[in-house]
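These are the residues of each chain, in order.
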Amino acid sequence: MNRKALVGFGLAMTLGAAMFTTGCSDDSSTGPGATGDSTPLIGVDYPRSDTDFWNSYIKYVPQFSKELGVSLKTTNSQNDIANLISNAQTFISQGVKGVVMAPQDTAAIAPTLGQLESKKIPVVTIDTRPDTGKVFMVVRADNRAYGTKACQFLGAKLGGKGKVVMLQGDLASINGRDRTEAFNECMKKDFPGITVFGEATDWKADVAAAKLQTRFASDPDIKGVYMQSSFALSGTLQILKQKGLQVPPSDPKHVFIVSNDGIPEELKNIGDGLIDATVSQPADLYAKYGLYYAKAAIDGKTFQPGPTDHGSTIIQVRDGLLEDQLAAPLVTKDGAAVGGQPTVKSDDKSLWGNNV
């Protein structure tokens, strides 16, 4: 067990009031018979509520619980592994039949997954994949593809030359690692003339803004920024405005920005010319299929690698671990292909960010 996991277990024993401070909520009354045997009780831990993406996910979960016929117990771990461990204990005590979670520290969650397995409580993780441990299904998009799409976009726009900043998430997360590794590998292979400055941010907006400000001070000729999540959006735009760099792409001073998430603000910013692209993570489908697979596990269903009936592909990540990789398109203002990558127009109504 790593140090963070040990710390998490120790804190969990002392966080007797955590179910109150982390937003424990009883959402069991999701329809007729919600407390009966015909409606399985599923515990859903919201990983955080300080970003537009996750707030959208939180809004979708109860909507899809009604559609799928499940009742809910919900908590919010607030991006803290100790809270998540404590919330899992709460779910066990509440008698849930399945759990949906999105662990942001994908290594330290392993012991908790083992405990849930011993209680015969199936787990579905959405957005992230545990480094070790067993879950019934992982529901996420191909995060390596996120990094590759961002690389191809910036590489094409910069003509293979210049400097870019990558505002990384947290490398304790499989998402941060996947996006970072794929972006770096693509740049090294396809655009060796581009210098990449990787800045670790722990998924924190203030850290991202401070590091981007420092990087611009040392390298004022930065021509591209890859934000691994929309958490960095506000700070990045503020810095560009302060430096007089919010200019059209036709202006030589333009800094090309590609983000991740596909929140409504990003789509509007693309339309307004403030950023250039984003990868649309399916917040709605994370909510839907997280609950779908949890209910399927409770019902005793099984799945195999291959195409699904909802336009995605299930892959086998490792022995005994399946991942449903949902579609996550690259979004631009005009919907034209960039660097060999197909894109979707920012005002396309198929994007969840245009329907909230």
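Since the model is a prediction, treat every value here as computed from it, not as a measurement.

The rules behind the values
- Residues numbered from 1 in each chain as written.
- Predicted model: local features only at pLDDT ≥ 70, side-chain atom pairs only at ≥ 80, totals over all residues.
- Heavy atoms only, no water.
- Core = buried A, V, L, I, M, F, W, Y, C linked by side-chain atoms within 4.5 Å.
- Buried < 20%, exposed > 50% of the residue type's maximum accessible area, 1.4 Å probe, protein only.
- Helix = DSSP H or I, 4+ residues; strand = E, 2+ residues; numbered from the N terminus.
- Contact = heavy atoms within 4.5 Å.
- Pairing = 2+ DSSP bridges.
- Right-handed = clockwise from strand over helix to strand, strands pointing away.
- Disulfide = S-S within 2.5 Å.

**A word on the nonpolar core**
Within the largest apolar cluster, 79 residues are counted, with the highest numbers of intra-cluster contacts made by Tyr57 and Leu291. Per element, the largest residue contribution to this core is 8 residues, and it comes from helix α11 (residues 283-298). Ignoring any residue separated from it by four or fewer positions in sequence, one finds Leu291 in contact with Ile42, Val44, Val61, Phe64, Ser65, Leu68, Val70, Leu72 and Val100. Counting residues in hydrophobic clusters, the runner-up holds 17 residues, among them Ile81, Ile85, Leu116 and Leu321.

**A short note on the environment of Tyr46**
Topologically, Tyr46 is positioned in strand β2 (residues 41-46). The spacing of Tyr46 and Thr74 is 28 residues in sequence and 7.2 Å in space, taken between C-alpha atoms.

**Description of the pairing of strand β7 (residues 162-168)**
Moving residue by residue along a regular strand, the side chains alternate between the two faces of the sheet. Burial of β7 is extensive: 5 of the 7 residues sit out of reach of the surface. Where β7 and strand β8 (residues 194-200) come together, 7 bridges link them in parallel fashion. Its bridge partner being in β8, Gly162 is matched across the sheet by Ile194. Following the chain from β7 across helix α7 (residues 174-190) to the adjacent parallel β8, one finds a crossover that is right-handed. Note that β7 and strand β9 (residues 224-227) share 4 bridges and pair parallel.

**A few points about the state of the cysteines**
In this structure the tally under the stated criterion is 1 disulfide. The disulfide that involves Cys151 links it to Cys186, with 2.1 Å between the sulfurs. Since a negative S-S torsion denotes a left-handed disulfide, the Cys151-Cys186 link at about -75° is left-handed. Placement of the pair is Cys151 in helix α6 (residues 143-157) and Cys186 in helix α7, with a sequence separation of 35 residues. Relative accessible area serves as the criterion here: at 0%, Cys151 is assigned to the buried category.

**Topic: the pairing of strand β3 (residues 71-76)**
Most of β3 is tucked away, with 6 of its 6 residues classed as buried. Every second residue of β3 is oriented toward a common face, with Ser71, Lys73 and Thr75 on one face and Leu72, Thr74 and Asn76 on the other, all of them buried. Sheet topology places β2 next to β3; 6 bridges connect them, and they run parallel. What sits directly across from Val44, in β3, is Thr74. In the classification by handedness, the crossover that spans β2, the intervening helix α3 (residues 52-68) and the parallel β3 is right-handed.

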